[in-house]
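# Coordinate inspection notes
Residue strings, one per chain:
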Amino acid sequence: MAQQELKRDLSNRHVQLIAIGGTIGTGLFLGSGKAIQLAGPSIIFAYLIVGIALFFVMRALGELLLSKAGYQSITDIAEDYLGPWASFVTGWTYWFCWIMTAMADVIAVGVYVNYWFDIPQWIPALICVVVLLGLNLLTVKLFGELEFWFALIKVVTILALIGIGIVLLVIGFQTDTGTVSVTNLWEHGGLFPNGISGFLLAFQMVVFAYVGVELIGVSAAETANPAKNIPSAINKIPLRILFFYVGALLILLMINPWTELNAAESPFVKTFSLVGIPIAAGIINFVVLTSAASAGNSGMFSTSRTLYNLSKQDQGPAQLAKLNKKHVPANALWLSAIVVSVGALLSKLIPEQAFGIVTSISAICFIWVWSIILICHIKYKKTRPELQKKTTFKAPFTPFVNYAVLALFAGVLVIMLVADETRPALLLTPLWFILLFGLYNAKGRKDENQSIKS
């Protein structure tokens, strides 16, 4: 029986660093270049707005997870409050979210490797998938250790960037593009150089930068002390947003004008090149490469656990609910890895467009998952007063903030519909939900027929 349960082998430091590692990744290190090109310095405000909104989503998720001991995933919550259809659709959508995100990560690995070697992007992307599969087939404790060190590299790098940037700012360092100065934030067209439209168009990439913030909810089943570790990780989210997103981007934009940053490359690598430290630029490229691998590692973990939980609840093939001798859902990992490898194929077929397509689809699907969390929390507030009295981790400003964040998400979808680049992804993504509802109805008819026969 023990072999059929996930092990609670993730400690507090693992959970804390998984929470960081899941969010600080490709969206920040590579995607922020494109977002800066769209919004200019106003990108700072976009990161603040979305970051604050997702903090409230996480507080709602934390309260729900800790309100009932039996919850092991977001799908458990969705089924309890909205019904089996919500569990089925949200579970498979969450898997699809992370598949798209992991695809973006392996595509980014190919981009970063091209900094040193002139080889096709799809080759390092495919190698990355194979390596991550091998690592995840080992124990969950190894996953936690890997993510701990991967995330630690990111944290140290960003803190070093902020520290170096402050020194350059104080001494008025001269780069090829001018003086390092606070005035770079507004001297090149103002804070909103591309107007409100450019600011709004950047929200899709900003949303993608935050995907994975809810990963501590997925890891709850393998957390040694959820009541202590989950609130601790969630409450540190605002500090992480200020340091790792707003702080880092402020420094980048003060070191060099936003007009010098290229949407096709990492602004972190570009910044050190402009400062005239080519060796440092190479080191930063290595860091963002490990960051993409780390985010891909989180994606493998998340997709396999989601498939495992879906199959345990009879919402997926029974084979995917089996664990190997190391208590890892190996079959689920293999399936996820095979689908993620499509990212390598996209790198071969459409290397220029691949990253934009998968990040747009990922952002749309994550908005669904986050919205389901908020809707479940609204229903929890209305229907479970006895659970609310017991909880020691209450979400603030509810239910009003839930509705405000849902309105923000709706606004982001409208922006994506208006934008030429994201419109195709927004119009194609509903096909995924049509497929899921069709499969759910077919499954219901099959279960009903089996019940009649028996």
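Reading guide: rules and limits
- Residues numbered from 1 in each chain as written.
- Predicted model: local features only at pLDDT ≥ 70, side-chain atom pairs only at ≥ 80, totals over all residues.
- Heavy atoms only, no water.
- Helix = DSSP H or I, 4+ residues; strand = E, 2+ residues; numbered from the N terminus.
- Buried < 20%, exposed > 50% of the residue type's maximum accessible area, 1.4 Å probe, protein only.
- Contact = heavy atoms within 4.5 Å.
- Core = buried A, V, L, I, M, F, W, Y, C linked by side-chain atoms within 4.5 Å.
- Phe/Tyr/Trp six-rings, centres within 6.5 Å; stacked < 30°, edge-to-face > 60°.
- 1 Å grid on protein atoms, 1.4 Å probe; cavity = no way out; pocket = protein on both sides within 12 Å on 5 of 7 lines; lining within 4 Å.
- Points joined across faces, edges and corners; volume = space filled by probe spheres on them.
- Nonpolar A, V, L, I, M, F, W, Y, C, P; charged D, E, K, R; others polar.
- Axes fitted to C-alpha atoms, helices over the stretch in contact; angles between N-to-C directions.
- Parallel < 35°, antiparallel > 145°, perpendicular 65-115°, else oblique.
- Left-handed = near helix turned anticlockwise from the far one by under 90°.
- pLDDT = per-residue confidence, 0-100.
- Salt bridge = Lys/Arg side-chain N within 4 Å of Asp/Glu carboxyl O.

The next thing to look at is the overall build of the chain. A count of helical and extended segments in the chain gives 22 helices and 2 strands. Looking at the chain as a whole, 58% of its 454 residues are labelled buried. Contacts spanning at least 24 positions in sequence make up 83% of the contacts within the chain whose residues lie at least 6 apart.

Within the largest apolar cluster, 140 residues are counted, with the highest numbers of intra-cluster contacts made by I43, Y47 and W370. Ranked by residue count, the leading element in this core is helix α6 (residues 84–113), at 20 residues. Not counting residues up to four positions away in its chain, the partners in contact with Y47 are G27, L28, S32, V206, A209, Y210, I241, Y245 and L249.

Moving on, we come to the packing of aromatic side chains. For the structure on display, the rule yields 20 aromatic pairs. Between W85 and F437, the aromatic rings sit 6.0 Å apart at their centres with planes inclined by 25°, giving stacked as the arrangement. With W85 in helix α6 and F437 in helix α22 (residues 430–453), this residue pair connects regions lying 352 residues apart in the sequence. The exposure class of W85 is partly exposed, given its relative accessible area of 31%. For the pair F96 and W432, a centre-to-centre distance of 4.2 Å together with 15° between the ring planes defines the contact as stacked. Placement of F96 in helix α6 and of W432 in helix α22 is noted, with a sequence separation of 336 residues between them. Here the aromatic residues Y94, W98, F366, W370 and F409 are joined through ring pairs into a cluster of three or more.

On to helix α3 (residues 31–39). Burial runs high along α3: 7 of the 9 residues are buried. Within α3, burial applies to G31, S32, G33, K34, A35, I36 and A39. Two residues or fewer after α3 comes G40, characterised by a positive phi angle close to 70°.

With that settled, consider the layout of surface pockets. Its volume calculated, the largest pocket comes out at about 600 Å³. For the lining of the largest pocket, the element with the most residues is helix α18 (residues 354–383), which contributes 4 residues. Partitioning the lining of the largest pocket into residue classes produces 15 nonpolar, 7 polar and 4 charged.

Our next topic: the side chain of T157. Note that T157 resides in helix α8 (residues 140–171). A residue is classified by how much of its surface remains accessible, and T157, at 12% relative accessible area, is buried. Those residues within four positions of T157 in sequence are excluded, and the remaining contacts are I284 and V287.

What follows is about the side chain of S362. Relative to the helices and strands, S362 is located in helix α18. Exposure remark for S362: the relative accessible area of 0% places this residue in the buried category. Beyond its immediate sequence surroundings of up to four residues, S362 is in contact with C97, M100, T101, F208 and V211.

Let us now look at the packing of α6 against α18. Taken N-terminus to C-terminus, the directions of α6 and α18 make an angle of 150°; their axes are 8 Å apart at the nearest point. Regarding the angle of α6 to α18, the classification is roughly antiparallel. Between α6 and α18 lies a crossing of left-handed hand. Across the contact of α6 with α18, the residue classes tally to 19 nonpolar, 5 polar and no charged.

Moving on to the confidence of the model for the chain. Of the residues in the chain, 90% reach a pLDDT of 70 or more, and the chain-wide mean stands at 83. Of all the helices and strands in the chain, helix α11 (residues 215–218) carries the lowest mean pLDDT, 60, while helix α20 (residues 400–418) carries the highest, 95.

A separate point is the pattern of salt bridges. As enumerated under the stated definition, the model contains 4 salt bridges in all. D80 is the salt-bridge partner of R384, the closest N and O atoms lying 3.2 Å from each other. One end of the pair, R384, is in the loop between α18 and α19 (385–390); the other, D80, is in helix α5 (residues 74–82), with 304 residues separating them in the sequence. Via salt bridges that share partners, K68, D80 and R384 belong to a single interconnected network.

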